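A structural walkthrough
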Amino acid sequence: MTLSPILTRKPAIARVLLLIFAFCAWSLTAPANIALALLAALFLTEVPGHWRQLRREPALLLLLGVLAVTSALAWRAAWLFPDTAADQWRAISAWVTPLLFIIPAWWLRRDPDQVWPLLGAAFLGLVFGVLHKTDWSLTPLVLAGMRYHFGYAALGLAFIASVMLVGLSLFRARITGVRIGGRAWPLLGWALWVLGLAFLLVVLVVTQSRGAAVGLAVVGVSYALLRWRNPGRQDGRAPWQARLALVSSALLFVALAGALLWTTRDRQLADLRELTLGSQGELSYNEAASVAIRLNLAQVGLQAFSARPLLGFGPGTSTTEFLIPRRILAVSDYQRAHAPAASHLHSAAIETLARFGLVGVLIAAALLAVLGRAYRTLWSDPRAAPDLRAFLTLGGVMLLLYCLYDFRLMNLDLRFFFILFLGILYSFQLRPWGTGQRSDGS
């Protein structure tokens, strides 16, 4: 048996693997990793025939560059702190994996028809994962107001659910106008849309993530403001009607965010009391309010950055779990007593500064430049559906906000989100099928 039949069917095989990856990303991580590995293997078979294009592709150059830099800094950190060597080697893949978004992008290549089943599979996979991982015996406590994580990290799940909620809002017309076998099924479409909306709202309410609530408010208002100057739509509505719909949508998102924040009003009051009365030093880590904790961790992270501003302490070196307990970083008595209770610094930006120093700033700037180029292509390409264009833009804003208040780049849930979401975005940057290549992608 030869590989020839497999290689000639690479696009079809990749399409199936992408659906498996999307469905399993937040529910069955082992199959997701296998699907991603197979997609990567298929991508490598494409490299020889497309090297002229790929050698100039910014996303691939960024991936290779970050791999080299992270490996070098991991080797340096393992030499400086031998006890962390295993953490340094693991950190290489953890930091590099999110940049594998070029792999799904390569197979999607400006083909929005593949995007819709991919997004549907991701949503169904999240629903399956939540239902499968939930401890249903806790239902009475959850109904009584207990914060619950559904078997996930609460902030990570809330972020993914909030992005999906934005997508559900933007894709309402597509979902409610679903067609099966050439026949419209509006009742089925509305039922699916309402059930999906209810599911995501339950997740957001129960996880009580204030960051997700603020993100929803920001993108809701931002979208309305951006569309205000050009409200005309192809559905025949007058400009004033379109503007009214935009204002209503923005107010709905703000109201939703307000309702989500209201469910955490006790935490809001605790934050306000602690920050205004200056009681942080008198409370234990578990008693302190989350805003005060984050301010303390941000201060610790900036101290770590100032101690080694050029190259940082290493990609696998934890400030809270290694530098402070080992007294490598000079901090206050309060920080020495409380910061190690946190598993990380609760900010991807600050973790990058502490672990990579100014090199991390350059990596972040390069990533933003690559994505900015992709967004310019997305907004200038007439083949990009307006609702998909808006979803990718608003989701990108939410991702940027999330990285400011949490750090999950080294966890599978956010790594898979990077790969899938940014892969869809970057697919519009790559040369489409039929442009200087055979239809089989070879």
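These numbers come from a predicted model, not from an experiment.

What about the side chain of Ser 347?
Among the secondary structure elements, Ser 347 is positioned in the loop between α18 (333-338) and α19 (348-356). According to the relative accessible area criterion, Ser 347 is buried, its value standing at 4%. There is a polar contact of 3.3 Å between the side chain of Ser 347 and the backbone nitrogen of Ile 350. Ser 347 has contacts with Cys 403, Leu 404, Tyr 405, Asp 406 and Phe 407, leaving out every residue within four places of it along the chain.

Some points on the packing of aromatic side chains
Enumeration according to the criterion identifies 18 aromatic pairs in this entry. Members of the aromatic cluster, connected to one another through ring pairs, are Trp 116, Phe 159, Phe 171, Phe 391, Tyr 402, Tyr 405, Phe 417 and Phe 421. Looking at Arg 109, its charged tip hangs above the ring of Trp 106, at a distance of 3.7 Å from the centre.

Overview of the environment of Val 214
Relative to the elements of secondary structure, Val 214 occurs in helix α13 (residues 210-228). Since its relative accessible area comes to 43%, Val 214 is described here as partly exposed. Sequence spacing of Val 214 and Met 398 is 184 residues, and the spatial spacing of their C-alpha atoms is 9.3 Å.

A look at the nonpolar core
If you look at the biggest cluster of nonpolar residues, it comprises 106 residues, and the most contacted ones within it are Trp 26, Trp 107, Phe 159, Leu 388, Phe 391, Leu 392 and Phe 417. A total of 12 residues in this core trace back to one element, the largest contributor, which is helix α10 (residues 154-170). Membership of the second largest hydrophobic core comes to 17 residues, among which are Val 300, Phe 313, Leu 329 and Leu 345.

Some remarks on the environment of Gln 429
The topology assignment puts Gln 429 in the segment after α22 (412-426). A relative accessible area of 11% places Gln 429 in the buried class. When the C-alpha positions of Gln 429 and Arg 373 are compared, they lie 7.8 Å apart, and in sequence the two are 56 residues distant. In this structure the side chain of Gln 429 is engaged in a polar contact, spanning 2.6 Å, whose partner is the side chain of Thr 377.

Describing the pattern of salt bridges
For the structure shown, the criterion picks out six salt bridges. A salt bridge links Arg 326 to Asp 83, with the shortest nitrogen-to-oxygen separation between them at 2.9 Å. Placement of the pair is Arg 326 in the loop between α17 (319-323) and α18 and Asp 83 in the loop between α5 (58-80) and α6 (85-96), with a sequence separation of 243 residues. Looking at Arg 326, the relative accessible area reads 48%, which means it is partly exposed.

Notes on the side chain of Thr 70
Tracing the backbone shows Thr 70 in helix α5. Under the relative-accessibility criterion, Thr 70 is labelled buried at 0%. A polar side-chain atom of Thr 70 sits 2.7 Å from the main-chain carbonyl oxygen of Val 66. Thr 70 has contacts with Ala 91, Ile 92, Trp 95, Val 96, Pro 315 and Phe 356, leaving out every residue within four places of it along the chain.

Side note on unusual backbone geometry
Even without being glycine, Gln 208 reaches a positive phi, approximately 55°. For Gln 208, the position within the fold is in the loop between α12 (186-207) and α13. At His 346, a position not held by glycine, the phi torsion is positive, near 60°. Examined against the element boundaries, His 346 turns out to sit in the loop between α18 and α19. By relative accessible area, His 346 is classed as buried at 17%.

A closer look at the environment of Arg 389
Along the chain, Arg 389 falls in helix α21 (residues 386-405). Along the sequence, Arg 389 and Leu 425 sit 36 residues apart, while their C-alpha atoms lie 8.7 Å from each other. A distance of 2.9 Å separates a polar atom in the side chain of Arg 389 from the backbone oxygen of Ala 384.

A short note on the packing of α5 against α6
Where α5 contacts α6, the axes come no closer than 9 Å and their chain directions differ by 170°. Compared by their axis directions, α5 and α6 come out roughly antiparallel. Crossing hand, α5 versus α6: right-handed. Contacts between α5 and α6 pair Leu 63, Val 66, Leu 67, Thr 70, Ser 71, Ala 74, Trp 75, Ala 77 and Ala 78 from the former with Ala 85, Gln 88, Trp 89, Ala 91, Ile 92, Trp 95 and Val 96 from the latter. For the contact of α5 with α6, the residue count by class is 13 nonpolar, three polar and no charged.

Thoughts on a nonpolar patch on the surface
A contiguous nonpolar surface patch, about 350 Å² in accessible area, is contributed by Ile 180, Trp 185, Leu 188 and Leu 192. Relative to the assigned elements, Ile 180 resides in strand β1 (residues 179-180).

Quick notes on the packing of helix α20 (residues 358-380) against α21
The interhelical angle for the contact between α20 and α21, taken along N-to-C directions, is 155°, at an axis separation of 10 Å. Classified by the angle their axes make, α20 and α21 are roughly antiparallel. Two packed elements cross with a definite hand, and for α20 against α21 that hand is left-handed. Contacts from Tyr 375, Leu 378 and Trp 379 in α20 reach Arg 389, Leu 392, Thr 393 and Gly 396 in α21. Here the contact of α20 with α21 is built from residues that sort into four nonpolar, two polar and one charged.

Reading guide: rules and limits
- Residues numbered from 1 in each chain as written.
- Predicted model: local features only at pLDDT ≥ 70, side-chain atom pairs only at ≥ 80, totals over all residues.
- Heavy atoms only, no water.
- Helix = DSSP H or I, 4+ residues; strand = E, 2+ residues; numbered from the N terminus.
- Buried < 20%, exposed > 50% of the residue type's maximum accessible area, 1.4 Å probe, protein only.
- Polar contact = N/O pair within 3.5 Å; in protein donor to acceptor, adjacent residues only side chain to side chain.
- Contact = heavy atoms within 4.5 Å.
- Phe/Tyr/Trp six-rings, centres within 6.5 Å; stacked < 30°, edge-to-face > 60°.
- Lys NZ or Arg CZ within 6 Å of the ring centre and 35° of its normal.
- Core = buried A, V, L, I, M, F, W, Y, C linked by side-chain atoms within 4.5 Å.
- Salt bridge = Lys/Arg side-chain N within 4 Å of Asp/Glu carboxyl O.
- Axes fitted to C-alpha atoms, helices over the stretch in contact; angles between N-to-C directions.
- Parallel < 35°, antiparallel > 145°, perpendicular 65-115°, else oblique.
- Left-handed = near helix turned anticlockwise from the far one by under 90°.
- Nonpolar A, V, L, I, M, F, W, Y, C, P; charged D, E, K, R; others polar.
- Patch = residues over 30% accessible without salt bridge, like charges linked within 9 Å, V, L, I, M, F, W, Y side chains within 5 Å.
- Areas by Shrake-Rupley, 256 points an atom, 1.4 Å probe, with all protein chains shown as cover.

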